[in-house]
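# Geometric and topological summary
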Amino acid sequence: MQRSPSPSLSRLPHQPAPRPHFAVPGKRTGDFHTALSLLLDNLRQPLQSTTAEMVQERSGLILGLNHGRPTTALNTPKTRISRSKGKSSRRTAFVREIAQEVVGLAPYERRIIELLRNAQDKRARKLAKKRLGTFGRGKAKVENMQKVIAESRRAQVAGH
């Protein structure tokens, strides 16, 4: 009793599988080279610059890929407040500078300057860190005091 081959079986088991064909609208159906040329054509096209252009318009439906209420996208990106928070304005910096000139230096700042003049930078940083709380603030204060020392030297040279 021998089985007859099924009508759907068009090739023998030891034969290689047929290569897939890519159907391309407007172009002839081809093989690997056609698919490769399509891929290269897509790569040659310029990339879309912003994500707003890439997002499709919303459909107004609750579910789906483009779900949500249709809205008009804003062209200008908003700067986040967290990016500008803590940045001193020109006016605030000016007011602080005037107050520094009128009031003078705090006792710990005078001590930091004295330590810097005696070439004890590490000790000055340690003192600034202890008074101000963090290493970064202490470093910034020591740099500021070095600028004050340099300014006073310039004033002495200009005065003589």
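Right above here is the structure, for reference.
Residues numbered from 1 in each chain as written. Predicted model: local features only at pLDDT ≥ 70, side-chain atom pairs only at ≥ 80, totals over all residues. Heavy atoms only, no water.

### Examining a positive patch on the surface
On the surface, a cluster of positive charge is contributed by Arg 111, Lys 122, Arg 123, Lys 126, Lys 130 and Arg 131. Here the element with the most residues in the positive patch is helix H6 (residues 121-132); it accounts for five residues. The exposure class of Arg 123 is partly exposed, given its relative accessible area of 48%. (Patch = residues over 30% accessible without salt bridge, like charges linked within 9 Å, V, L, I, M, F, W, Y side chains within 5 Å. Areas by Shrake-Rupley, 256 points an atom, 1.4 Å probe, with all protein chains shown as cover. Salt bridge = Lys/Arg side-chain N within 4 Å of Asp/Glu carboxyl O. Lys, Arg positive; Asp, Glu negative; His and termini not counted. Charge placed at Lys NZ, Arg CZ, Asp CG, Glu CD. Helix = DSSP H or I, 4+ residues; strand = E, 2+ residues; numbered from the N terminus. Buried < 20%, exposed > 50% of the residue type's maximum accessible area, 1.4 Å probe, protein only.)

### Details of helix H7 (residues 135-159)
Look at H7: 36 Å from first C-alpha to last across 25 residues, which is about the 36 Å you get at 1.5 Å a residue. Every buried residue of H7 is accounted for by Gly 138, Lys 141, Val 142, Met 145 and Ile 149. Tucked into the core, H7 has its buried residues touching helix H5 (107-117) and H6. (Expected span 1.5 Å × (residues − 1). Contact = heavy atoms within 4.5 Å.)

### Structural notes on unusual backbone geometry
Although it is not a glycine, Ala 119 sits at a positive phi angle of roughly 60°. Among the secondary structure elements, Ala 119 is positioned in the loop between H5 and H6.

### Quick notes on the pattern of salt bridges
Inspection of every chain in the model, using the stated rule, returns one salt bridge. Here Lys 141 makes a salt bridge to Glu 109, at a shortest N to O gap of 2.6 Å. Taken together, the positions of Lys 141 in helix H7 and Glu 109 in helix H5 put the pair 32 residues apart, joining distant regions of the chain. Residue classification places Glu 109 among the buried positions, given a relative accessible area of 6%.

### Here we look at the packing of H6 against H7
H7 packs onto H6 with a crossing angle of 125° between their chain directions and a minimal axis gap of 8 Å. Here H7 runs oblique to H6, going by the angle between their axes. Where H6 crosses over H7, the two elements pack in a sense that is right-handed. Of the residues in H7, those in contact with Asp 121, Ala 124, Arg 125, Ala 128, Lys 129 and Leu 132 of H6 are Phe 135, Arg 137, Gly 138, Lys 139, Lys 141, Val 142 and Gln 146. Of the residues belonging to the contact of H6 with H7, the class tally is five nonpolar, two polar and six charged. (Axes fitted to C-alpha atoms, helices over the stretch in contact; angles between N-to-C directions. Parallel < 35°, antiparallel > 145°, perpendicular 65-115°, else oblique. Left-handed = near helix turned anticlockwise from the far one by under 90°. Nonpolar A, V, L, I, M, F, W, Y, C, P; charged D, E, K, R; others polar.)

### Observations concerning the side chain of Glu 109
For Glu 109, the side chain forms a polar contact with the main-chain nitrogen of Ala 106, separated by 3.0 Å. With residues up to four places along the chain from it excluded, the contact list for Glu 109 reads Gln 100, Lys 141 and Met 145. (Polar contact = N/O pair within 3.5 Å; in protein donor to acceptor, adjacent residues only side chain to side chain.)

### Some words on the side chain of Lys 141
A relative accessible area of 17% means that Lys 141 is categorised as buried. Among all residues touching Lys 141, those that are not within four sequence positions of it are Tyr 108, Glu 109, Ile 112 and Leu 132.

Keep in mind these numbers describe shape, not what the thing actually does.
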